[in-house]
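Topology and contacts: notes
Chain by chain, the residues:
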Amino acid sequence: MPYLICDSCGILYPISEEDEKAYICGCGGNLRYYRSLLEYSESVRGPNYARKVITLQRTYTENKAHDYSLMEIIGVSMGIVGFIWLISGFLLAILSIFAGIILFMHGRSKGYSWKKGLEGEKTVNKFLEELPQDYFIFYDVKLPGSKGNIDNVVIGPNGIFVVETKNYT
């Protein structure tokens, strides 16, 4: 879809294919014709484009995926220790092996969806970072008084957008 985009304020106006007339933006700036937002983005970014990203902490999904990965590692470690104890004839070996297997299986089954969700969020974030510089992206926005979060909030010249990512397996 073609657009007319203001050189001064960056506001974009979607237009039809045959409408390439030169207009003046409400701010007084000149409007330039682009065949797509990708064409505009490439013309603005240039070859050395890099979006500045501020990261204060890991996201909620990163924390959950990390917790379950850690649970898997602890489960495997307990199983290995239990197996070594079993060879040594230590009676708690069976309990250690059993607990290790349970812990590993729990971490594997519960953590799978969190890891897939994290993979989806990283994919969406990669695409969001390709937006023009006048778009501001906020990641993992915490909701006050709640355990919930919003994956992304994007604020740009044409509005505020809430992006909630789901990656179904």
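Residues numbered from 1 in each chain as written. Predicted model: local features only at pLDDT ≥ 70, side-chain atom pairs only at ≥ 80, totals over all residues. Heavy atoms only, no water.

A short note on the sheet that holds strand β1 (residues 3-6)
- Read across the open sheet, the three strands follow the order β2-β1-β3; overall the sheet is antiparallel. Edge positions in the sheet fall to β2 (12-14) and β3 (31-34), since each of these pairs with one other strand and no more. Going across the sheet, the axis of each strand differs from the next one's by a mean of 25°, ignoring polarity. (Pairing = 2+ DSSP bridges. Helix = DSSP H or I, 4+ residues; strand = E, 2+ residues; numbered from the N terminus. Axes fitted to C-alpha atoms, helices over the stretch in contact; angles between N-to-C directions.)

Digging into the nonpolar core
- The biggest cluster of nonpolar side chains holds nine residues, and these are Y3, I5, L12, Y34, Y40, L128, Y135, I137 and V154.
- Counting five residues, the second largest nonpolar core, distinct from the first, contains C6, I15, C25 and L31. (Core = buried A, V, L, I, M, F, W, Y, C linked by side-chain atoms within 4.5 Å. Buried < 20%, exposed > 50% of the residue type's maximum accessible area, 1.4 Å probe, protein only.)

With respect to the pattern of salt bridges
- With the rule as written, the count across this model stands at five salt bridges.
- Between K116 and E119 there is a salt bridge, with the nearest N and O atoms lying 3.4 Å from each other. Of the two residues, K116 and E119 both sit in helix α3 (residues 93-128), three residues apart, roughly one turn of that helix.
- Overall, the relative accessible area of 43% leaves E119 in the partly exposed class. (Salt bridge = Lys/Arg side-chain N within 4 Å of Asp/Glu carboxyl O.)

Remarks on the sheet that holds strand β6 (residues 159-163)
- Pairing is antiparallel across the open sheet formed by three strands, whose spatial order is β4-β5-β6. On the outer flanks of this sheet lie β4 (136-142) and β6, each paired with one strand and no other. Strand-to-strand twist across the sheet, computed as the mean angle between neighbouring axes with direction ignored, equals 20°.
- Bridge count for strand β5 (residues 149-156) against β6 is five bridges, and the pairing is antiparallel. Within β6, the residue paired with G156 across the bridge is G159.
- Sitting on the sheet, α3 touches β4, β5 and β6, and the angle it makes with β5 is about 10°. (Contact = heavy atoms within 4.5 Å.)

A closer look at the packing of helix α2 (residues 60-88) against α3
- Interhelical geometry of α2 versus α3 gives an angle of 155° and a closest axis separation of 7 Å. Between α2 and α3, the crossing angle belongs to the class labelled roughly antiparallel. Between α2 and α3 lies a crossing of left-handed hand.
- Classifying every residue of the contact of α2 with α3 gives 19 nonpolar, 11 polar and eight charged. (Parallel < 35°, antiparallel > 145°, perpendicular 65-115°, else oblique. Left-handed = near helix turned anticlockwise from the far one by under 90°. Nonpolar A, V, L, I, M, F, W, Y, C, P; charged D, E, K, R; others polar.)

Topic: the pairing of β5
- Most of β5 is tucked away, with seven of its eight residues classed as buried.
- For β4 and β5, the ladder comprises six bridges, and the chain directions are antiparallel. Among the inter-strand pairings, F138 is bridged to a residue of β5, identified as V153.
- Where β4 folds back on β5, the antiparallel hairpin that results is connected by six residues, among which G145 adopts a positive phi of roughly 70°.
- Following β5, the chain reverses through two residues before pairing antiparallel with β6.

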